[in-house]
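Descriptive analysis of the structure
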Amino acid sequence: MSALLEIKGLSKNFRGLKAVQNVSFDVTQGEIYAVIGPNGAGKTTLFNMIAGAYAPNDGTIIFAGERIEGLPPDAVCRRGIGRTFQIVRPFPALSVHDNVMVGALLREPDTSRASVRAHEILRLLGLHDKRDMIASSLTLPDRKRLEVARALATDPKLLLLDEVMAGLRPTETDVMVDILRDLNRTSGLTIVLIEHVMRAVMALAGRVLVLHHGEAIAQGEPAAVVRDPAVIKSYLGTEVVG
Amino acid sequence: MKKLLIDGVPGHGWLMLAVTTALLLAAPLFVNDYLITVLILIFYFAYAGQAWNIMMGFAGQLSLGHALYVGLGAYAAAGLYVHFGVGPWIGMGAAIIISGVVAVILGYLAFRFGVGGVYFAILTIAFAEFARIGFDHIKFLGASSGLFLPVKQYVSNDLWSLRGKPVMFYYLMLVLMLVALGICRMLLRSRLGYYWRAIREDEQAAQSLGIDVFRCKMYAVVISAAMTSVAGVFFAFYYNNLFPEQVFHISRSIEIILGPIIGGIGTLVGPIVGAFVLTIFSEGMTELLEVFKLTSPGAKQVFYGIALLVVILLMPHGIWPPIARALGLAEKSGEGKPTDEKP
Ligand SMILES: Nc1ncnc2c1ncn2[C@@H]1O[C@H](COP(=O)(O)OP(=O)(O)OP(=O)(O)O)[C@@H](O)[C@H]1O
Ligand SMILES: [Mg+2]
């Protein structure tokens, strides 16, 4: 079991605000890893650095044995990291199929074969019936699914999911949890997910990292982390234990 | 190639294309010389509009300076012909290369330094204006007093030198318009076409899917410029005179983009439909105003402007998308679908 992703001493400041401070962790090939923490803890900023949207002020990101910090987002994606956006960004005027097609074309330049791949992924995410709809006409849960489908179409080794369960109903959350678990089991896809929905975190994640004010305050197995007094105090409150 | 060009066009789509083409092919047998010149103008705008549409409609990069590439193409081919006796078909090669190089410079300056949106549009205007003023001082190309191609009364059509009667240009421009339609369809349905539309819709999301945004935008600018310069070559050999003040003028750039805007930005057929509607409307208006003795200067422009405004307000996505839907020609690739274009 080797580390697919190694983060060492990562920091990011926004004009004096320390959004992420000296965060280190690693993600093993094939695991599902969760990042939790209160609003403004720096979770999305952490993702943005891994995905190449921001260059870190300090620290290193090693993916599949190579340093990738500071690379542009497209280069990071080509190396095998797919990401979703917390505030979804579909291509609004394109159909659902074409949205996913854009992702699929990365590994499959032939348009017919990319389209076949897009259809597969749309079926997987339960969006196949809506493939000809314009993305801007989708409901929020469907947009979240589309966000996942599009990232998945780039055939990543590591998938970064930023709150893809937010706004889903419990039954929809369970469906998404099943999809992700299947993907992880059948294709060995490594997943790092930011999530507020604890029921999804507990169901999926092998390990959890807790961020607070940009700092990693705890990491480990979910069951242990949710009992950590510092985590309860800063994030979970008292009622969600167990 | 075949897959991108042919596949997915419904049977009645082919029928309509065939009928339209047949009518246009036969038109010179029936219509008078005046209508031939109007149709040449329509084909010219349809072609240039399609070339512009690649940049704006497909890739979302607004150019307000496309007269630059028309002018460069025109001057390149005309200069070679007048001074060195080099024929226009070879001149076309020079036109494409020169416009392509200028487009690379413009694109590089803009996209390397993250110049987008309105600022990119202003840069395209600046380049065209720079050419307009610069060419006024190039003595070799006639400077401000113009560059003239030798003209005489032609009895036969010399296709190789593009010296001949209007009907020769009629057929050439018709072919050019149809070839551009084929090229645009292939481009739009190719991987690059998908990438362009992704960039047009959301650059950051596109980048997160592994798309090299800079490179794709460069392709759009260069392909569009090269295609536009070919229109310039025919422009030069059809009108036989070139003045920087006219060729590079911003109003020439605006003329080019009105067709696609009225017809439907980002669609394949929109620029062609737009060119027909606008040119016929503009010519008809001239006639009409004369009938009503409204010949005061500017009257035509005012009516024209009001008409444009009405069309844009009533059909914000252009004339073609609703027609395409009604005819069942709306393609999966976005033809006829409403687009929330962003400026
Ligand atoms: N581009 C930016 N410019 C300036 N400040 C930023 C920027 N992005 C994030 N921040 C700030 O950095 C801090 C961390 O934000 P971040 O979005 O990473 O939090 P988060 O953990 O994802 O929160 P949430 O759960 O609300 O999504 C916040 O205080 C935020 O306001
Ligand atoms: Mg966030």
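So, here is what we can say about the structure in this document.

Conventions and cut-offs
Residues numbered from 1 in each chain as written. Chains lettered and ligands numbered in written order. Predicted model: local features only at pLDDT ≥ 70, side-chain atom pairs only at ≥ 80, totals over all residues. Heavy atoms only, no water. Helix = DSSP H or I, 4+ residues; strand = E, 2+ residues; numbered from the N terminus. Contact = heavy atoms within 4.5 Å. Buried area = accessible area lost by both parts, 1.4 Å probe. Salt bridge = Lys/Arg side-chain N within 4 Å of Asp/Glu carboxyl O. Expected span 1.5 Å × (residues − 1). Buried < 20%, exposed > 50% of the residue type's maximum accessible area, 1.4 Å probe, protein only. Donors = N, O, S within 2.8 Å, 3.2 Å for Na, K, Ca; no water. Pairing = 2+ DSSP bridges. Axes fitted to C-alpha atoms, helices over the stretch in contact; angles between N-to-C directions.

Here we come to unusual backbone geometry. Residue and element names in this part refer to chain A. Non-glycine residue Ala 64 carries a positive phi angle of around 50°. For Ala 64, the position within the fold is in the loop between strand S4 (58-63) and strand S5 (66-67). The phi dihedral of His 213 is positive, around 50°, even though this residue is not glycine. Considering the arrangement of structural elements, one finds His 213 in the loop between strand S9 (207-212) and strand S10 (215-220).

Taken together, the contacts link 29 residues of chain A with 27 residues of chain B. Of the roughly 2400 Å² buried where chain A meets chain B, counting both sides, 59% is carbon and sulfur surface. Three residues stand out in chain A for area buried against chain B, namely Arg 89, Phe 91 and Ala 93 of chain A, and they jointly supply 20% of the buried area on that side. Summed over the shared surface of chain A and chain B, the result is 2 salt bridges.

What follows concerns helix H12 (residues 250-263) of chain B. All names here are of chain B. A rise of 1.5 Å per residue sets the reference length of H12, with its 14 residues, at 20 Å; its end C-alpha atoms lie 21 Å apart and thus fit the reference within 8%. Along H12, the residues that are buried comprise Ser 253, Ile 256, Ile 257, Leu 258, Gly 259, Pro 260, Ile 262 and Gly 263. Of the residues flanking the end of H12, it is Gly 264, one or two places downstream, whose phi is positive at about 135°.

As a further point, take the coordination of the magnesium ion (ligand 2). The magnesium ion (ligand 2) binds to the protein through Thr 44 of chain A (OG1) and Gln 86 of chain A (OE1); the donor distances cover 1.9 to 2.1 Å. Within this pair, whereas Thr 44 of chain A is found in helix H1 (residues 43-50), its partner Gln 86 of chain A is found in the loop between strand S6 (81-83) and helix H3 (96-104), the two being separated by 42 residues in sequence.

Bringing the sheet that holds S4 of chain A into the picture now. All names here are of chain A. In spatial order, the strands read S2-S1-S4-S5; together these 4 strands make up an open sheet with antiparallel pairing. Every other strand in the sheet has two partners, leaving strand S2 (17-28) and S5 as the edge strands with one partner each. Here strand S1 (residues 3-14) pairs with S2 via 8 bridges, running antiparallel. The residue of S2 that forms the bridge with Leu 10 is Val 23. Across the sheet, H1 lies against S1, S2 and S4, angled at about 115° from S1, the strand it touches most.

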